[in-house]
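Per-entry structural report
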Amino acid sequence: MVTAESGDGPAGAVGLVVGTVPATPLQFSVGLAPGQYLQLDDVVVTHRQLPGAIDVQIAGVVTNVEATHEGARFASDVFLVARGALPAEVSEVAEVAVTRVEPEVYVPPLPGAVVSRATGAERDSALYFDEMGDQKVPVGFGRDGQPVYINFEFVDGTRGAHVSISGVSGIATKTSFALFLLHSITNCGVLAGEAHNTKALIFSVKGEDLLFLDYANSRLTPAQRDRYAALGLPAAPFGNVRVFAPPRRDDPSGTPDVTARDRAVSPFYWTLAEFCADELLPFVFADAEDERAQYTMLIAQVAARLRRDAIGAGGDGAVRIRGVDPGRDTAIRTFGDLIDLLEAELGDDATRGSWVAGSTVTGSINALLRRLRSAVRPLSAVIRGDLAHRGDRSITTSRAQVTVVDLHNLPDRAQRFVVGVTLRGEFARKERQGTARPLMFVVLDELNKYAPRDGDSPIKQILLDVAERGRSLGVILIGAQQTASEVERRVLANCAIRVAGRLDAAEAERPEYGYLPPAQRQRATLAKPGTMFIAQPDIPVPLAVDFPFPAWATRPSEKGDWAG
């Protein structure tokens, strides 16, 4: 039983190590003194003196707190205790998971040892912030209102790379946290002189909310600005942002298909000449397919023929295909026309052999053509040979620090095509560059759609390449998904930083969230927007973090001053 005198001791003392529950080098319990309290995620510290004047500091994070009546036997006894008819005392006990022992002499704290809240240098030591040096990236505030950091060496590839963010759509604020993390990395000083050359490629798949990153948020209050200042960050929008959007379907001038943003927007599309020359046909099949399907073997053969025999037919990107019937030797200006030609060529026994192997069965060809025909409407907006647009239309990160690719007006199949082709191009650019610095961050929502656990696709192979080799090339993936259980395991396994917001109760029980202790799994099903649980290799226990309100506009109604 903790008495009133238990509160006596060092400043911040909250209780004593209890002796009724075994204390181990990795976990112990604290009996709270009258008038004291501990909440989940509080950081505490205690000491043990060893022979030879060795002072062992044992620090940890509170993972559970229980309050009971000592002296009562039945649940109904609470009424007797309340009336004073039964003697009993209220006892509060907090469970603590040890995060750090310094020096590393792994002994348990002794019952009766004074436990205090960790503040200042003791808190920094307990959470390993003191060892991060100048590689600290602020990610929000802990439950004690103090800043929480992640080690940038586990992001930039020095000791690990990539970030995985999971949570329920619309509640977990996954994208908001990803953007805040990006803002923090580029402004906290860890990039030093490389900050201006560091690139970010952001795919926007849900509305036009990400098209205003370079506008100040008019709803930001002075108190919210103070939170940025407490983290050492500017309460400012992103600078040097460039937005790409697909052209409007029936507009021959190539006007970008956006409504709310009226400046610094470029259309993007691929000409038919590029489609053939760069062998982009496999990305038409970017949805996960059974790798045993016979028609998948034909895709490379058809793509190779298009690359070899397609010739330009004008400055608008139209093509002609050498070797076809001269009577059909007309310029192909739309993706639908190209598919019509492939149907005619592959459907004719006389010409089929020049496109695919002679032993190919008709069923496989028909399966290929069915999928090509179904792709005409989704992809016609981004594969063109009929536009007179002469400006920049190729997605590139070379001319802005932050590049946003708006996909929300495209069908799902076209979104996959754009993501796959763009990632392939940027990854190849980094390979040609030959150096990891400056870094390039890729922010991709709905990762479970592009790198699903089952099946195979060209885009999944690219994301695997980014996850496994991107670290050495300076390509850092910040992936978000509703369900980590549906993402390719090898992608998740390569993410050094794992983040969870509000989780579905069933999803929280999946083994992919094994990094969360049971109490945090349960709490994640109740988490409010803005609360994230962050696990990093430096710290044995995930930390609950509350990150600031966005300093950039997240919708047209929030648009303030433009930073461009």
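Preceding block: the structure.
Residues numbered from 1 in each chain as written. Predicted model: local features only at pLDDT ≥ 70, side-chain atom pairs only at ≥ 80, totals over all residues. Heavy atoms only, no water.

1. With respect to empty space enclosed by the protein
According to the stated counting rule, one finds four cavities of 30 Å³ or more in the structure shown. Taken together, Asp41, Val43, Val61, Arg123, Leu127, Gly142, Arg143, Asp144, Val148, Leu543 and Ala544 make up the full set of residues lining the largest cavity. Residues of the lining of the largest cavity, tallied by class, amount to six nonpolar, one polar and four charged. (1 Å grid on protein atoms, 1.4 Å probe; cavity = no way out; pocket = protein on both sides within 12 Å on 5 of 7 lines; lining within 4 Å. Points joined across faces, edges and corners; volume = space filled by probe spheres on them. Nonpolar A, V, L, I, M, F, W, Y, C, P; charged D, E, K, R; others polar.)

2. A few points about the packing of aromatic side chains
Overall, the coordinates contain 12 aromatic pairs when judged by the stated rule. Arranged with centres 6.5 Å apart and planes meeting at 35 degrees, the rings of Tyr215 and Trp562 form a pair that is tilted. Here the residue Tyr215 occupies a position in strand β11 (residues 215-217), and Trp562 occupies one in strand β24 (residues 559-562), the gap between them amounting to 347 residues. Assessed through its relative accessible area of 4%, Tyr215 is described here as buried. Geometrically, the ring pair formed by Phe275 and Phe335 is edge-to-face, given 5.7 Å between the ring centres and 80 degrees between the ring planes. Taken as a pair, Phe275 in helix α6 (residues 272-277) and Phe335 in helix α8 (residues 335-347) lie far apart in primary sequence, 60 residues in all. Overall, the relative accessible area of 1% leaves Phe275 in the buried class. (Phe/Tyr/Trp six-rings, centres within 6.5 Å; stacked < 30°, edge-to-face > 60°. Helix = DSSP H or I, 4+ residues; strand = E, 2+ residues; numbered from the N terminus. Buried < 20%, exposed > 50% of the residue type's maximum accessible area, 1.4 Å probe, protein only.)

3. What about the sheet that holds strand β1 (residues 13-17)?
Read around the closed barrel, the six strands follow the order β1-β2-β5-β4-β3-β6; overall the barrel is antiparallel. Across the sheet, the mean angle separating the axes of adjacent strands is 40 degrees when strand polarity is ignored. Here 13 bridges tie strand β4 (residues 54-70) to strand β5 (residues 89-102), and the two strands are oriented antiparallel to one another. If you follow Thr68 over to β5, its bridge partner there is Ser91. (Pairing = 2+ DSSP bridges. Axes fitted to C-alpha atoms, helices over the stretch in contact; angles between N-to-C directions.)

4. Notes on helix α10 (residues 362-374)
Between the first and last C-alpha of α10 there are 18 Å, a value that for 13 residues agrees with the 18 Å anticipated at 1.5 Å per step. Considered for burial, the residues of α10 that qualify are Ser364, Ile365, Ala367, Leu368, Leu369 and Leu372. Tucked into the core, α10 has its buried residues touching α7 (296-309), α8, α9 (349-352) and α11 (376-379). (Expected span 1.5 Å × (residues − 1). Contact = heavy atoms within 4.5 Å.)

5. Quick word on the nonpolar core
Counting residues in each nonpolar core, the largest one holds 85 residues, and the members touching the most others are Phe268, Phe275, Val284, Phe335, Trp355, Leu407 and Phe417. In contact with Phe335, not counting residues within four places along its chain, are Leu272, Phe275, Val284, Ala375, Val376, Leu379, Ser380 and Ile383. By size, the runner-up hydrophobic cluster in this structure holds 70 residues, among which are Phe129, Leu191, Val443 and Ala551. (Core = buried A, V, L, I, M, F, W, Y, C linked by side-chain atoms within 4.5 Å.)

6. Notes on the layout of surface pockets
One number sums up the size of the largest pocket: a volume of about 730 Å³. Residue lining of the largest pocket: 31 residues in total, with Thr173, Lys174, Thr175, Ser176 and Asp209 positioned closest to the centre. Top contributing element to the lining of the largest pocket by residue count: helix α4 (residues 174-187), with four residues.

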